[in-house]
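Descriptive analysis of the structure
Listed here are the chains, written in short residue letters.
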Amino acid sequence: MRSYDLSPLFRSTVGFDRLSRLLENAMTGDEAAASYPPYNIEKTGDDAYRITMAVAGFGPEDLEITAQQNSLVVTGKAKKEQETGQFLYRGIAGRAFERRFQLADFIKVGNANLLNGLLHIDLVREVPETMKPRTIQIGSNGTAKPALTQQAA
């Protein structure tokens, strides 16, 4: 596997250390673990996304979704079922899993539902009002407001 040195990219930036860790984790990830369960990520609107995971054999009681700051963790723990017959071939995986998704800033988990073996998780970007762009009024010579300054104690 080829290793990339990303340090020149981060020499002139501040606060992007999280991005650096994400890139390192992506390059050293385990491909076998990353393939189960299969999933799709789709953009459903300007600020809306959906993660769809194929979780055949799991019920709502077997799945747990945890949203933390900039992270979404989906865990599946299948319960042992009574084997009623002898399997000649077992192709439906029922093993436990933990899938982690890194979320961008201001991405919130909406709702989740399980339908026909597919777990749908809706996400929405909600930028706080204070973070949205705002227009700054420009005054002319006589109408400009003086800048606020702190008084010396």
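Residues numbered from 1 in each chain as written. Predicted model: local features only at pLDDT ≥ 70, side-chain atom pairs only at ≥ 80, totals over all residues. Heavy atoms only, no water.

The name given to the protein in an unreviewed UniProt entry is Hsp20 family protein, with Azospirillum aestuarii as the source organism. According to the UniProt record, the Sequence similarities (unreviewed entry) comment for the protein reads "Belongs to the small heat shock protein (HSP20) family." (UniProt positions renumbered as here; feature names shortened; annotations may be inferred.)

Digging into the pairing of strand β5 (residues 97–102)
Judged by which residues are buried, β5 turns out to be one-sided: F97, R99 and F101 face inward and are buried, whereas E98, R100 and Q102, on the alternate face, are not. Sheet topology places strand β4 (residues 71–76) next to β5; 6 bridges connect them, and they run antiparallel. Bridging across to β5, L72 finds its partner in F101. (Buried < 20%, exposed > 50% of the residue type's maximum accessible area, 1.4 Å probe, protein only. Helix = DSSP H or I, 4+ residues; strand = E, 2+ residues; numbered from the N terminus. Pairing = 2+ DSSP bridges.)

Considerations on the packing of aromatic side chains
In this description, a pair of aromatic rings is defined by centroid distance and the angle of the planes. Tallied over the entire structure, the rule returns 3 aromatic pairs. Here Y36 and F97 contribute two aromatic rings whose centre-to-centre distance is 6.0 Å and whose plane-to-plane angle is 90 degrees, an arrangement assigned as edge-to-face. Of the two residues, Y36 is situated in the loop between α3 (31–34) and β1 (39–45) and F97 in strand β5; the sequence distance between them amounts to 61 residues. For the pair formed by Y36 and F97, the shared burial category is buried. Ring plane angle 85 degrees and centroid distance 5.2 Å describe the contact between Y39 and F101, whose orientation is recorded as edge-to-face. Remark: F101 occurs in strand β5 and Y39 occurs in strand β1; sequence separation between them is 62 residues. The rings of Y36, F58 and F97 are connected pair by pair, giving a single aromatic cluster. Its end group placed over the ring of F87, R90 keeps NZ or CZ at 4.2 Å from the ring centre. The ring of Y36 has R95 lying over it, and the distance from NZ or CZ to the ring centre is 4.0 Å. (Phe/Tyr/Trp six-rings, centres within 6.5 Å; stacked < 30°, edge-to-face > 60°. Lys NZ or Arg CZ within 6 Å of the ring centre and 35° of its normal.)

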